[in-house]
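The chain contents come next:
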Amino acid sequence: MPRQMPKPRPKIKNPGKLFLRLSKFVGKIYSIQLIFVLVFIILSVAANIKGTAFLKDLVDVYIEPLSKQAHPDYGPLTNAILRIIGIYAIGVISTFTFSKIMIYVGQGTLKRMRDTLFSHMQDLPIKYFDTHAHGDIMSVYTNDIDTLRQMISQSIPQLINSTLTIVLIFIQMILLSVPLTIITVLMVCITLFVTRKFAGLSSKYFLAQQKDLGTLNGFIEEMMNGQKVVKVFTHEQQNIKDFDVLNDKLFESAYNANRFANYLGPVNAQIGNASYVICVIVGAMLAINGHFDLTIGALVTFLTFNKSFSMPINQVSQQLNAIVMALAGCERIFDLLDEKPEADNGYVTLVNSVENPDGSITETKKHTGHWAWKHTHQADGSVDYIPLKGDVVFDGVDFGYNEEKMVLHDIKLYAKPGQKIAFVGSTGAGKTTITNLINRFYDIQDGKIRYDGININKIKKADLRHSLGIVLQDTHLFTGTVMENIRYGKLDATDEEVYAAAKLANADTFIHQLADGYDTILTGDGGNLSQGQRQLLAIARAAIADPPVLILDEATSSIDTRTEKIVQDGMDRLMSGRTTFVIAHRLSTVRNSDCIIVLEQGRIIEKGTHDELIEARGKYYQLYTGLSN
Amino acid sequence: MLKTLSAELKEFKRDSILTPLFMLGEVFMETLIPFLMAMIIDTGIKQNNLPYIFKTGAIMMIVALLSLMFGCLGAKYGARASMGFGRNLRKGMFRNIQNFSFANIDKYNTAGLVTRLTTDVTNVQNAYQMILRMCMRAPASMICSMIACFLISPRLASIYLIAVIVLGFALGIMTVLAMKYFQAAFKKYDALNESVEENVSAIRVVKAYVRGDYEKNRFHKASSNIYEMLVKAENIIVWNSPFMQFTVYSCIVLVSWFGAKMVVGGSLETGQLTSMLTYCMNILMSLMMLSFVFVMISMSVASANRIAEVLNEKSTLDNPSNPIHEVKDGSIKFDNVEFKYNLKAEEPVLNNINLDIKSGETIGIIGGTGSSKSSLVNLISRLYDVTSGTVSVGGRDVREYDLDSLRNQVSVVLQKNVLFSGSILDNLRWGNPNATDEECIEACKLACADEFIERFPRKYNTHIEQGGNNVSGGQKQRLCIARALLKKPKVLILDDSTSAVDTATDAKIRKALSESIPGTTKLIIAQRISSVENADRIIVLNDGKIDAFDTHENLIKNNEIYRDVYESQTKGNGDFDEGGAN
């Protein structure tokens, strides 16, 4: 058997606790199955050992006496063989049964784990995604779940299997011959000692190999990324020279690491053989001298056990290693599950409404196109209905991504329904942050934000977000048809509504030019579309949701001017009649706004219409004229 | 594929031949041990012959030592051969990639090349080690044990032969079937993970539209689907170990029954019977091993194919046999040029291009996305070859120049540019390895990079991270321009190289260039009219054709596209932020 290369064990804080938690997770669903698995493993191992032990009787009880009889009676032997067949049959059936149950336990646990992970992740706050690299989150789903699968369906059953085998073999060996057992155990100790020595030696080289591999892969990635620049600067020869140095270094360390890992196999095997040979010699001496009642049958049976003793011991150490690795993955899985979900204490909900002739509002289940906030007062349980208008007020808002560093200070602003508010200011001034507060991607530290006069903390997050449309600068699309992507804004939208939204967003024309029109399948975040086209789809998606308040992040000039015009027209149409907060990059957007808010380092430094701000000759004036000169 | 890969073995051929031979030695020695054990029991114990026992025991020890020696040699040579093979594969690929033309690079894309150089090589080198060490060992162990069995008792050995054939078939069928299911399931599995990734990166959209439950539902459906596929696949391989046990047990029972009768009948010794039972395990274990190796190898075939593909790739550009090394001046001429990225494409990317640019002229290029501006300039430094027609620089066809010389004298600042990890000076010296510090600073002053570099604490020794991620987009672009200037080129091409630089700095760079390197022909691709309006002449590209080639004043008067763009940009369509950001 090629031995697994000894990898440095990862450090985990509390393996026992982790293991217990995992057992609870599995045990909650599969406790009965697990008991059956355990029983069948025991049966399977016991049958195996019992079968091997039969060799002694075969030799001592049947063959030897029968050889001495002139007319041997094979009757008792036949019976014994039949008994063994029975025992073996139980063994095979047990093995099959526990393997079969383990499929469902293993895969079922994984499915449950994946589902739990994903569901939980959906409920985590945006902050979690800000502070964790996407690659790390993904590796929980891929690598960590994978090691978990190995642990549940392979390592643990094998560990139980091997441990049981060791115990049972040990008992059998003691029963057969105590002195030979002592020799065997001594040899096993030597094996373990040597293995540790080798693991120590090779782990040094393995660390070197990991480091060299990392360096080389980093170099490869960088150079492949810059390969065109390499060509343009005719840097190929230098590149090859640098590569060769790193590549040779990796060869050196990989060779040494693999060599030492490989040595372990033959060394262990031959210590095993030495143990076997010593037992043969000592056993033969004992058998001849008649000490310790060692019969030939007992000796050959012992030798068979001796040969099969080292394998489960190796396996136990291998599987323990695998389990520790898997527990490290488990820890990351549980870490994700332990992340606190987005808190939502809101109780004000959004309902379909009908306005009565007397001006009062009643709730209805029907889709009326009119919406109202249902505000159930906590004190007396009375209910108020407030029509959804899109009136937003910031009152002395302070915010920081963490407590130490505030990024927004004392933000005061208001938007009447249908008004357009533009944010301008340099990168890092806090424009995007403000828009992220309205839909409660982040919660403010101090001050209040009111929507139609209601503190947004009282509104259920889902309902608050339903009342807000958002078009981000980085467009994200999902794998699926164009139709499905637009419908993302309103899941029950009819095809006609989708077409209408696409027309409003100016997207209809290009969609018709796609191979399958609205049924064209987008993959890889809409990678087959241009950036402008993706933005048009994002606008259509917002349009179909038809929210009273919009948050727009205008694209910078990375798309060319003519496409930009089409996108802007779509945006303009989307904005009309809605309260809009726009992070503006375009002069015309800014000029047409009802209020321009100039931000610098998280503070509002100027506020007013275009004309007022030009008049004031402040920062806005500087920005404006700086562009026009 | 095999031929391509084995050609990379080179100095490790000897190791590759020696390794299986050593493994053979190890196996042979190991097979001897149970055989000798039978002799100790049957001759030594039965006849109470202690000296014989010691003698045979000593032989066994020697055999074990020899086996150890062979095993360790095999371990060493196997490690060297396979790791060396991996090294050579990487080396071969990397060298060939350095010869790739832009067209070759486009064909594979960056991620594809990285995977081939890293993961694929690791897969192949591990599989190779497996082949060298196990592929010989497993069958050899089986055959040696089988021979030993036949030497002891042909009758009993034939039981094993039948068992091997039956088990081999069963394992083969199960492996093939299960692999089919697993591959299908893994594909689905990858798709599931991709959708998670998509979800993670679009989490703001999901939350903004309150689609959490919708996404959960979709995910649960997909994961149930995968659960069913994997269970189906595992239900095939679940037969593996019970079947293996069944075969082993059957052999033991049969050998015990017939063996016992033979011992009683006198045609077999007790020791021989027990060594037969030991060989039984050897034989069937090797078979198991073999099926495992088979799976390992078949999994690495895809990697091997991908590596061979890169090794066999021929560059689409080659150096002429008697190249010219000196570019006379910076004049550029396009003569009836047509260009396609893919020869099979119906529509050319550039069509009927005729241009005559004098040395030292400054030329602006403007046009919408997809109007092939980059394609046009990429032909000048021969990053791609024309499909028909000719492109000349300094009065000679670009295909007559030595590639390196041409590219050193026609300097391009690519649209998608990168800096490399290292200090700013290291990066600048890509333009000219022998540039003095003063020359580097001079270039940076021209590119308006000096002002921000001086503000860094370590100035020109500031470390640039991989991909230049620790400097802003505008700073990166200015460093890239400085790097290109250090070549002191006859032609300088800026492909949308100041898009992230504010308008004022952009103007300053252009002014500096026109004053300090007046003799260099300059081609400037830009989105902003302000970046090109002061050029001597401006090319307006539309759909791969030249719509107009004239001065700013004339274009405003006569060219509709140009006028359109001009008006949209000056009438309230500008970049508000960037104007004030600096």
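About the criteria used
- Residues numbered from 1 in each chain as written.
- Chains lettered and ligands numbered in written order.
- Predicted model: local features only at pLDDT ≥ 70, side-chain atom pairs only at ≥ 80, totals over all residues.
- Heavy atoms only, no water.
- Helix = DSSP H or I, 4+ residues; strand = E, 2+ residues; numbered from the N terminus.
- Rg over C-alpha atoms; globule rule 2.2 N^0.38 Å.
- Buried < 20%, exposed > 50% of the residue type's maximum accessible area, 1.4 Å probe, protein only.
- Polar contact = N/O pair within 3.5 Å; in protein donor to acceptor, adjacent residues only side chain to side chain.
- Contact = heavy atoms within 4.5 Å.
- Expected span 1.5 Å × (residues − 1).
- Domains from an automatic or database assignment.
- Buried area = accessible area lost by both parts, 1.4 Å probe.
- Salt bridge = Lys/Arg side-chain N within 4 Å of Asp/Glu carboxyl O.
- Nonpolar A, V, L, I, M, F, W, Y, C, P; charged D, E, K, R; others polar.
- Phe/Tyr/Trp six-rings, centres within 6.5 Å; stacked < 30°, edge-to-face > 60°.
- Core = buried A, V, L, I, M, F, W, Y, C linked by side-chain atoms within 4.5 Å.
- Patch = residues over 30% accessible without salt bridge, like charges linked within 9 Å, V, L, I, M, F, W, Y side chains within 5 Å.
- Areas by Shrake-Rupley, 256 points an atom, 1.4 Å probe, with all protein chains shown as cover.
- Lys, Arg positive; Asp, Glu negative; His and termini not counted.
- Charge placed at Lys NZ, Arg CZ, Asp CG, Glu CD.
- Axes fitted to C-alpha atoms, helices over the stretch in contact; angles between N-to-C directions.
- Parallel < 35°, antiparallel > 145°, perpendicular 65-115°, else oblique.
- Left-handed = near helix turned anticlockwise from the far one by under 90°.
- pLDDT = per-residue confidence, 0-100.

Peer 1: Could you give an account of the overall build of chain A, naming the residues involved and the relevant values?
Peer 2: What chain A contains, in helices and strands, is 18 helices and 16 strands. Since a compact globule built from 629 residues should have a radius of gyration of about 25 Å, the 37 Å found for chain A marks it as more spread out than a globular shape. Based on the C-alpha atoms only, the size of chain A along its principal axes is roughly 125 × 70 × 50 Å. Across the 629 residues that make up chain A, the buried fraction comes to 52%.

Peer 1: Account for the side chain of Q409(B), with residues named and values stated.
Peer 2: All names here are of chain B. Summarising the element assignment, Q409 is placed in helix α12 (residues 403-409). The exposure class of Q409 is buried, given its relative accessible area of 13%. In this structure the side chain of Q409 is engaged in a polar contact, spanning 3.2 Å, whose partner is the backbone oxygen of H325. Reaching out from Q409, the side chain makes a polar contact with the backbone nitrogen of V327 at a distance of 3.1 Å. In this view, Q409 contacts H325, E326, V327, P489, K490 and V491; residues no more than four positions away in its chain are not counted.

Peer 1: Explain helix α5 (residues 178-225) of chain A to me, using residue names and the numbers behind them.
Peer 2: Taking 1.5 Å per residue as the helical rise, α5(A) with its 48 residues ought to reach 70 Å, and the 67 Å between its terminal C-alpha atoms agrees with that figure. Among the residues of α5(A), the N-terminal cap falls to S177(A), whose side-chain oxygen and the backbone nitrogen of L180(A) are separated by 3.3 Å.

Peer 1: Which residues make up the domain arrangement of chain B, and what values go with them?
Peer 2: Along its sequence, chain B is carved into domain 1 (2-312) and domain 2 (332-581). Computed from C-alpha coordinates alone, the two centres of domain 1 of chain B and domain 2 of chain B are separated by 56 Å.

Peer 1: Talk me through the interface of chain B and chain A; I want residue IDs and the actual numbers.
Peer 2: Taken together, the contact pairs 141 residues of chain B with 149 residues of chain A. Buried area between chain B and chain A, both sides added, is near 13700 Å², and the carbon and sulfur share of it is 68%. Summed over the shared surface of chain B and chain A, the result is six salt bridges. In this structure, D244(A) and R95(B) form a salt bridge, with 2.7 Å as the shortest nitrogen-oxygen distance. Summed over the shared surface of chain B and chain A, the number is 40 residue pairs in polar contact (both at pLDDT 80 or more). When residues in the side of chain B that touches chain A are grouped by element, the largest group, 24 residues, is from helix α3 (residues 50-98) of chain B. Of the residues assigned to the side of chain B that touches chain A, the class counts are 72 nonpolar, 42 polar and 27 charged.

Peer 1: Go over unusual backbone geometry with me, naming the residues and quoting the values.
Peer 2: Non-glycine residue T234(A) carries a positive phi angle of around 40 degrees. As for its placement among the helices and strands, T234(A) is situated in the loop between α6 (227-232) and α7 (236-289). We classify T234(A) as buried; its relative accessible area is 17%. At R382(B), a position not held by glycine, the phi torsion is positive, near 55 degrees. Considering the arrangement of structural elements, one finds R382(B) in the loop between α11 (373-378) and β4 (388-393).

Peer 1: Would you mind going over the packing of aromatic side chains in detail, with residue names and values included?
Peer 2: By the definition in use, this model includes 35 aromatic pairs over all chains. A centroid spacing of 4.1 Å and a plane angle of 5 degrees characterise the contact between F118(A) and F219(B), whose relative ring orientation is stacked. A residue pair is termed interchain when its members come from two chains, as with F118(A) in helix α2 (residues 75-122) and F219(B) in helix α8 (residues 212-237). Residue classification places F219(B) among the buried positions, given a relative accessible area of 3%. With 5.7 Å between their ring centres and 55 degrees between their planes, F339(B) and Y384(B) make a pair best called tilted. Of this pair, F339(B) sits in strand β1 (residues 332-339) while Y384(B) sits in the loop between α11 and β4, and the two are 45 residues apart along the sequence.

Peer 1: Any details on the environment of P320(B)? Residues and values, ideally.
Peer 2: All names here are of chain B. Along the chain, P320 turns up in the loop between α10 (270-312) and β1. Residues P320 and L403 lie 83 residues apart in sequence; the distance between their C-alpha atoms is 8.4 Å. When near neighbours in sequence (up to four residues on either side) are disregarded, P320 contacts R382, R399, E400 and Y401.

Peer 1: Lay out the nonpolar core with the relevant residues and their values.
Peer 2: The biggest cluster of nonpolar side chains holds 186 residues, and the ones touching the most others in it are F394(A) and Y451(A). Discounting residues that sit within four places of it in the chain, F394(A) has contacts with I411(A), K412(A), L413(A), I434(A), L437(A), I438(A), K448(A) and I449(A). Core analysis: the second largest hydrophobic core is formed by 117 residues, L355(B), I366(B), V418(B) and L428(B) among them.

Peer 1: Lay out the pattern of salt bridges with the relevant residues and their values.
Peer 2: Under the criterion given, the structure shown has 44 salt bridges over all chains. Linking E11(B) and R87(B) is a salt bridge whose minimum nitrogen-to-oxygen distance equals 2.6 Å. In this pair, E11(B) is assigned in the loop between α1 (2-7) and α2 (13-45) and R87(B) in helix α3, connecting sequence segments 76 residues apart. By relative accessible area, R87(B) is classed as buried at 10%. Residue D397(B) pairs with R399(B) through a salt bridge whose shortest N-O separation is 3.2 Å. Its relative accessible area of 15% is what places D397(B) among the buried residues. Connected through shared salt-bridge partners, E342(A), K461(A), R465(A) and K207(B) make up one network.

Peer 1: Lay out a nonpolar patch on the surface in plain terms, naming residues and giving numbers.
Peer 2: All names here are of chain A. The grouping of F170, I174, V178, I182, V185 and L186 at the surface amounts to a nonpolar patch, some 490 Å² of accessible area in total. Counting residues per element, the ones that place at least two in the nonpolar patch are α4 (134-176) and α5. Broken down by element, the residue count for the nonpolar patch peaks at four residues, all from α5. By relative accessible area, V178 is classed as partly exposed at 47%.

Peer 1: Explain a negative patch on the surface to me, and be specific about the residues and the numbers.
Peer 2: Residue and element names in this part refer to chain B. Judged by side-chain charge, D547, E560, D564 and E567 come together as a negatively charged surface patch. It is helix α20 (residues 560-570) that provides the largest number of residues to the negative patch, a total of three residues. Owing to a relative accessible area of 57%, E560 belongs among the exposed residues under this scheme.

Peer 1: Account for the packing of α2(B) against α10(B), with residues named and values stated.
Peer 2: Residues and elements named next belong to chain B. Running from N to C, α2 and α10 point in directions that differ by 160 degrees, and their axes come no closer than 7 Å. Taken together, the axes of α2 and α10 lie roughly antiparallel to each other. Along this stretch, α2 crosses α10, giving a crossing that reads as right-handed. Contacts from T31, P34, F35, M37, A38, I41 and D42 in α2 reach T270, G271, Q272, T274, S275, T278 and Y279 in α10. Grouping the amino acids of the contact of α2 with α10 by side-chain chemistry returns six nonpolar, seven polar and one charged.

Peer 1: Outline the confidence of the model for chain B, supporting the account with residue identities and numerical values.
Peer 2: Reading predicted coordinates in detail is not appropriate for stretches of low pLDDT. All names here are of chain B. Summing up the model confidence of chain B, the mean pLDDT is 83 and the portion of residues at 70 or higher is 97%. Under a pLDDT of 50 for its full length, residues 577-582 has, in the predicted model, 11 contacts with residues more than four places off or in other chains. With pTM at 0.75, the complex prediction returns an ipTM value of 0.81.

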